[in-house]
Amino acid sequence: MFHVIIPARFASTRLPGKPLLDIVGKPMIQHVWEQACRSNAASVTVATDDQRIADACARFGAAVVLTRSDHPSGTDRLQEVVTQLGLAADACVVNVQGDEPLIPPALINQVAANLLAYPQASMATLAEPLADLQSLFNPNVVKLVTDQQGFALYFSRAPMPWCRDAFGEEPKTLPVDVPFRRHIGLYAYKVSFLHDYVTWPPSPLEQAESLEQLRALWFGCRIQVSDACEAPPAGVDTQADLERVRVLLGAP
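Residues numbered from 1 in each chain as written. Predicted model: local features only at pLDDT ≥ 70, side-chain atom pairs only at ≥ 80, totals over all residues. Heavy atoms only, no water.

Peer 1: Could you give an account of helix α4 (residues 105–117), with specific residues and numbers?
Peer 2: Spanning 13 residues, α4 covers 18 Å between terminal C-alpha atoms, matching the ideal 18 Å at 1.5 Å per step. All of the buried residues along α4 are P105, L107, I108, N109, Q110, V111, A112, N114 and L115. In this structure, the buried residues of α4 make contact with β1 (3–8), α1 (28–37), β6 (92–95), β7 (123–129), β10 (181–190) and β11 (223–227). (Helix = DSSP H or I, 4+ residues; strand = E, 2+ residues; numbered from the N terminus. Expected span 1.5 Å × (residues − 1). Buried < 20%, exposed > 50% of the residue type's maximum accessible area, 1.4 Å probe, protein only. Contact = heavy atoms within 4.5 Å.)

Printed below as a string of structure tokens:
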């Protein structure tokens, strides 16, 4: 059994009010909630610090938790929500971002099942093979490497693994037989881990890379990683993304 929490913030530099933007007659957050409800989750809750989003969610029947607005990270916000919901320390929570209206329910089920299958892990997340040179060298694409058992060794915005010989001069193609992988930002957590996480100070690696999951590795937690069972559609970060999703969901 697992629970889904969907963080939704009104503030967005590129798309203000993003969760409430219309997609074929529904606010974006409703599309995300409906996809999450198609998973095997025991409950689906929207977490927001904005009353406008809470009111919109109430209109389409979603459970909502109002949170503080001063959390330093999304993980801190998640910890407040599980506390308000009174979830047990051994409960599993999946964090589904509020700007992914096309999130496949199968991926939500997969990341939750992986965490439950690996009791030594505090978190589980997903990845997919990375096959083009441009993505490998793009700092907006987060890369990861794992050990042979599928536990994360590191996440980075830098190209990795670094192929010394192939990348010595200007590379033109990716070397074959090297496990280049892109991180997919879907997480499952144990509630006990969330309670621990908020007591830890930010780590130097986390601050350098601006990647929250590095705090977990810094403090010795294990993160289970599997390749996604299906390719995840891109989320909505820009107006162009929004228009693309509108067309995919049937807008004229």
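Peer 1: So what's going on with the packing of aromatic side chains? Residues and values would help.
Peer 2: Under the criterion given, the structure shown has 12 aromatic pairs. Considering the side-chain rings of F137 and W162, the 6.2 Å spacing of their centres and the 70° angle between planes classify their relative orientation as edge-to-face. With F137 in the loop between α5 (133–136) and β8 (143–146) and W162 in the loop between β9 (152–156) and β10, this pair connects stretches of sequence that are 25 residues apart. Overall, F137 belongs to the partly exposed group, its relative accessible area being 34%. Relative to F167, the ring of F137 has its centre 5.5 Å away and its plane inclined at 70°; by these criteria the two rings are edge-to-face. Of this pair, F137 sits in the loop between α5 and β8 while F167 sits in the loop between β9 and β10, and the two are 30 residues apart along the sequence. (Phe/Tyr/Trp six-rings, centres within 6.5 Å; stacked < 30°, edge-to-face > 60°.)

Peer 1: Describe the nonpolar core, naming the residues involved and giving the relevant values.
Peer 2: Residues V4, I6, V46, V94, V96, I108 and L186 are the most contacted members of the largest nonpolar core, which totals 38 residues. Setting aside residues up to four positions removed in sequence, V4 forms contacts with A36, S39, A41, S43, V44, T45, V94, V96 and I108. (Core = buried A, V, L, I, M, F, W, Y, C linked by side-chain atoms within 4.5 Å.)

Peer 1: Tell me about the side chain of E34, and please be specific about residues and values.
Peer 2: Here E34 lies in helix α1. Among the polar contacts made by the side chain of E34, one reaches the side chain of K26 at a distance of 3.0 Å. (Polar contact = N/O pair within 3.5 Å; in protein donor to acceptor, adjacent residues only side chain to side chain.)

Peer 1: With reference to specific residues and values, describe the side chain of Q213.
Peer 2: Topologically, Q213 is positioned in helix α8 (residues 213–218). By relative accessible area, which is 5% here, Q213 ends up buried. Beyond its immediate stretch of four places on either side in the chain, Q213 contacts M123, V142, F155, H183, Y187 and I223.

Peer 1: Outline a nonpolar patch on the surface, supporting the account with residue identities and numerical values.
Peer 2: Side chains of V24, L248 and L249 sit close together on the surface and give an oily, nonpolar patch of about 240 Å² of accessible area. Among the secondary structure elements, L248 is positioned in helix α9 (residues 239–248). Overall, L248 belongs to the exposed group, its relative accessible area being 56%. (Patch = residues over 30% accessible without salt bridge, like charges linked within 9 Å, V, L, I, M, F, W, Y side chains within 5 Å. Areas by Shrake-Rupley, 256 points an atom, 1.4 Å probe, with all protein chains shown as cover. Salt bridge = Lys/Arg side-chain N within 4 Å of Asp/Glu carboxyl O.)

Peer 1: Mind laying out the environment of L130, listing which residues take part and the relevant values?
Peer 2: Relative to the helices and strands, L130 resides in the loop between β7 and α5. Look past the residues within four positions of L130 in its chain and what remains in contact with it is S135, L136, V141, K143, L174, F180, R181 and R182.

Peer 1: Describe unusual backbone geometry, listing the residues and the values that go with them.
Peer 2: Here the amide bond leading from M160 into P161 is cis, since omega sits at 0°, within 30 degrees of zero. As for its placement among the helices and strands, P161 is situated in the loop between β9 and β10. Although it is not a glycine, D177 adopts a positive phi angle of roughly 65°. Among the structural elements, D177 can be located in the loop between β9 and β10. By relative accessible area, which is 79% here, D177 ends up exposed. Backbone geometry places S210, a non-glycine residue, at a positive phi of 55°. Relative to the elements of secondary structure, S210 occurs in the loop between α7 (204–209) and α8. Looking at S210, the relative accessible area reads 55%, which means it is exposed.

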